[in-house]
Amino acid sequence: MYVARSPRIAARMLGEEMLVMSGHDSTLFTLNPTATILWQAADGATPLDEIVERRICTEFEVKPEDAMRDAEELAENLAKHGILLISEQPIVKPDAPVRGQR
Amino acid sequence: MTSLGTQVLATQALATQVESYSVVIAIGGVPVRVNTTDASFLEMLQNRYAGFVSDEGITEFDLDVDLTAPSGMERDAPVRVIQSAGRWLLERGDFRAEWDPAMRRGSIRQSANPYSIDAVLRIVHTLVLAESGGFLVHSASAIRNGKAFLFAGVSGAGKTTISRLAPADATLLTDEISYVRKQGDGYVAYGTPFNGEFAKLGENVSAPVAVLYLLAQGPENRIDPVGEADAGRELLGNILFFAEDPEFVHRAFQAACDFVHRVPVRRLTFVPGVRVWELIG
């Protein structure tokens, strides 16, 4: 599974928290630390299992298989809200910015 | 039977008989010329926006008002603001408007009432401000000692109350909708005619923003720090979002985040009474 940040989302780290806002309906979300790591690593090219192994398992004391199961569930939840894109193939140019995006 | 030439001349003659009237309404230092063919509507605008009418002859935008018969449509209907081919379409039960940022011109179809054009002006200003990192926000604001203080909160949080309690040396900018423009590394708050329950227009003056207070009423007057993320969430909850447009949402979001990163944000808990102003300024 590959994950990519949705280009229709505005995001910003404020203090220690990642705030993301849907460009579709301006709903505001606050990501927890695991979701923040997943969001930041979701470049569309790195497989989810590699993100889990390199970024999540190194950050939290968790078994790789548990972390992978949780990460898949989290990615699907974020995708339901339009925050992440999910695909079985690498996602090309997922970060094509909305005009004006930094 | 008239010749084609005569018809053209007659049409031109009719066209010249239609008088056009204009008034320049400068809110937030942005002069918008409103054009109408109805003298009484013009007079209503001049009265409604007294203090914000500019006679300097400078305009940045034009807004043409096409008055229609009252439709009885609801002002409480939801506002729709969408972008199509570079033009904004603004719609509510009581008006339909278009806004072309590239042409710096827009038009409104509405009946002769002050509420429709007031709503359109608020929307147009949010679109204009978003281009430059500014925003309109549900907040009272006032100038004291040369600095502007914003008091944000949802309905019932105390915006009108804090405005009513303002001492004589404070200049009220608004009791309802604050106008915030980015200027250099800071922000400037401007007075607006967008009033709330206080029913008093703000003064048409401006000052650098010193603090944004998030209002809460409680058993004592106190000021507490607010974390940046909480400040961002609460500010975003009070910024006026009209447009269903990813680019606009993105700009407004970044503007709010930039603001809380640069301007102190505090929680102001207060007992309704004049002593709260001892903490401000």
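Here, the structure is the one placed above.
This write-up is about the structure you can find in this document. For every chain, the first residue of its written sequence is number 1, and the numbers climb from 1 along that sequence. Written order decides the labels, with chains lettered from A and ligands numbered from 1. This being a predicted model, a pLDDT of at least 70 is required before a residue's local features are given, and a value of 80 or more before pairs of side-chain atoms are given or counted; all residues contribute to the totals for chains, interfaces and linings. The side-chain values count all of the structure's non-hydrogen atoms but skip hydrogen atoms and water molecules.

So, the interface of chain B and chain A
- Pairs of residues are marked as contacts when any of their non-hydrogen atoms sit within 4.5 Å. Listed by partner, the interface residues are 16 residues for chain B and 21 residues for chain A.
- Throughout, the accessible surface (probe 1.4 Å) given up by two parts as they are put together, summed over both, is called the buried area. Here chain B packs against chain A, burying approximately 1700 Å² in sum over the two surfaces, 63% of which is carbon and sulfur.
- By definition here, a salt bridge exists when the distance from a side-chain nitrogen of Lys or Arg to a carboxyl oxygen of Asp or Glu is within 4 Å. Between chain B and chain A we count two salt bridges in total.
- Close ionic contact of B:Asp258 with A:Arg12 constitutes a salt bridge, the shortest N to O distance being 2.6 Å.
- Polar contacts here mean pairs of N or O atoms no more than 3.5 Å apart (in protein, one a potential hydrogen donor and the other a potential acceptor; neighbouring residues in sequence count only if both atoms are side-chain atoms). The interface formed by chain B and chain A contains four residue pairs in polar contact (both at pLDDT 80 or more).
- When contributions to the side of chain B that touches chain A are tallied by element, the ones reaching two or more residues are α5 (228-238) and α6 (246-262) of chain B.
- Lys, Arg, Asp and Glu make up the charged group, whereas Ala, Val, Leu, Ile, Met, Phe, Trp, Tyr, Cys and Pro make up the nonpolar group; the residues left over, Gly among them, are polar. Along the lines of polarity and charge, the residues of the side of chain B that touches chain A split into eight nonpolar, three polar and five charged. Helix and strand labels come from DSSP, where a helix needs a run of H or I of at least four residues and a strand needs a run of E of at least two; each type is numbered from the N terminus.

Things to note about the sheet that holds strand β2 (residues 30-36) of chain B
Residues and elements named next belong to chain B.
- Taken together, the eight strands give an open sheet; going across it, the order is β3-β1-β2-β4-β8-β7-β6-β5, and neighbouring strands pair in mixed fashion. In this open sheet, the two strands that pair with only one neighbour each are β3 (53-54) and β5 (80-84).
- Two strands qualify as a pair provided DSSP detects at least 2 bridges between them. Relative to strand β8 (residues 105-110), strand β7 (residues 95-100) is paired through six bridges, and the arrangement is antiparallel. For aspartate 100, the partnering residue across the bridge sits in β8 and is arginine 105.
- Angular values range over 0 to 180 degrees, each being the angle between N-to-C directions of two axes fitted as lines to C-alpha atoms, with helices fitted over their stretch in contact. Each of β1 (21-27), β2, β3, β4 (61-67) and β8 is contacted by helix α2 (residues 39-48), which is oriented at about 20° to β1, the strand it contacts most.
- Docked against the sheet, helix α3 (residues 114-130) engages β1, β2, β4, β5, β6 (87-92), β7 and β8, running at close to 30° with respect to β7.

What about the pattern of salt bridges?
Residues and elements named next belong to chain B.
- Under the criterion given, the structure shown has 24 salt bridges over all chains.
- Ionic pairing is found between arginine 105 and aspartate 62, a salt bridge with its closest N-O pair at 4.0 Å. Of this pair, arginine 105 sits in strand β8 while aspartate 62 sits in strand β4, and the two are 43 residues apart along the sequence.
- Exposure categories follow from relative accessible area, calculated using a 1.4 Å probe and restricted to protein chains: below 20% of the type maximum is buried, above 50% is exposed, and the middle band is partly exposed. Of the residues examined, aspartate 62 reaches a relative accessible area of 8% and is grouped as buried.
- Notably, a salt bridge pairs glutamate 234 with arginine 267, separated by 2.7 Å at the nearest N-O pair. Residue glutamate 234 is located in helix α5, and its partner arginine 267 is located in strand β16 (residues 265-270); the two are separated by 33 residues in the primary sequence.
- Each of Arg33, Asp62, Asp64 and Arg105 takes part in one network of salt bridges that share partners.

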